[in-house]
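# Survey of secondary and tertiary structure
Single-letter residue listing:
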Amino acid sequence: VNVRPYEHGDLEGVFALHVAEGWPSFPSDPVRAHRILTNPGVTSFVAVDDGRVVGFTYMLSDGEIQAFLANIVVAADARKQGVGRQLIAAALRKAGGERIDLLSSADEFYAHLPHHRWAGFRIYPPFTP
Ligand SMILES: CC(C)(COP(=O)(O)OP(=O)(O)OC[C@H]1O[C@@H](n2cnc3c(N)ncnc32)[C@H](O)[C@@H]1OP(=O)(O)O)[C@@H](O)C(=O)NCCC(=O)NCCS
């Protein structure tokens, strides 16, 4: 599996992963999806196996300390082989950051806001691929 930065030609493969999960936002507007994945501060990576996109992630980062994992997906038949881990490690290396938050661990703060309580995760490197 080759883990590398996202390119425009990967878009259909990324959509296929999203469709398989029942996620409509990206496939419903390809021009917007490509814009999202290439906007400033956004780091997008794919995992490619024999020409097929089998994994995808994108991350938002300040470039130095704080990164946020926006989305990760690995094809069902490619899971539990370390692809997800490699995607996160590669994206953080490129984006820069000392940690990644997935949603938020500040659940007490969010509990005071008028919406749902979310569990959060904080992920620290280094990662072993
Ligand atoms: C979550 C997901 C991206 C993980 O990808 P993956 O390539 O299977 O992950 P990895 O193989 O790198 O696994 C990393 C570690 O997590 C563990 N793991 C992976 N999937 C797991 C699961 N469903 N339950 C428990 N542990 C799991 C692996 O065993 C591995 O641990 P280890 O290194 O100690 O063995 C993948 O399961 C997926 O695409 N799920 C559907 C989409 C989704 O839920 N995305 C996240 C929300 S946006």
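Before reading on, note that the structure itself is shown above.
Structural notes, computed from the coordinates. It should be emphasised that the depicted structure is a prediction, and the values quoted were computed from it without experimental measurement.

## With respect to the site of the ligand
- Taken together, 13 residues sit near the ligand, with V74, K80, G82, G84 and R85 positioned nearest.
- Interatomic distance of 2.8 Å between a backbone N/O atom of G84 and an oxygen atom of the ligand.
- Interatomic distance of 2.7 Å between a side-chain N/O atom of R85 and an oxygen atom of the ligand.
- Protein coverage of the free-state accessible area of the ligand, which is 910 Å², stands at 50%.

## Some thoughts on the pairing of strand β5 (residues 99-102)
- Looking at chain direction, strand β4 (residues 66-74) and β5 are connected through 3 bridges and run parallel. Note that in β5 the partner of F68 across the bridge is D101.
- Read as a crossover between parallel neighbours, the route from β4 over helix α3 (residues 83-95) to β5 is right-handed.

## Some words on the side chain of N71
- Structurally, the position occupied by N71 is in strand β4.
- Using a relative accessible area of 13% as the deciding quantity, one classes N71 as buried.
- Within the structure, N71 has its side chain in polar contact with the side chain of H18 (distance 2.9 Å).
- Leaving out residues up to four positions away in the same chain, N71 has contacts with H18, W23, F56, T57 and Y58.

## Focus on the packing of aromatic side chains
- Per the counting criterion, the structure on display carries 3 aromatic pairs.
- Note on F26 and Y58: the rings are 5.7 Å apart at their centroids and 35° apart in plane angle, and the pair reads as tilted. One end of the pair, F26, is in the loop between α1 (11-21) and α2 (30-38); the other, Y58, is in strand β3 (residues 52-61), with 32 residues separating them in the sequence.
- Under the relative-accessibility criterion, Y58 is labelled buried at 13%.
- Between the aromatic rings of F56 and Y58, the centroid separation amounts to 6.1 Å while the plane-to-plane angle is 35°, which identifies the pairing as tilted.

So, how was this worked out
Residues numbered from 1 in each chain as written. Predicted model: local features only at pLDDT ≥ 70, side-chain atom pairs only at ≥ 80, totals over all residues. Heavy atoms only, no water. Near = heavy atom within 4 Å. Polar contact = N/O pair within 3.5 Å; in protein donor to acceptor, adjacent residues only side chain to side chain. Areas by Shrake-Rupley, 256 points an atom, 1.4 Å probe, with all protein chains shown as cover. Pairing = 2+ DSSP bridges. Helix = DSSP H or I, 4+ residues; strand = E, 2+ residues; numbered from the N terminus. Right-handed = clockwise from strand over helix to strand, strands pointing away. Buried < 20%, exposed > 50% of the residue type's maximum accessible area, 1.4 Å probe, protein only. Contact = heavy atoms within 4.5 Å. Phe/Tyr/Trp six-rings, centres within 6.5 Å; stacked < 30°, edge-to-face > 60°.

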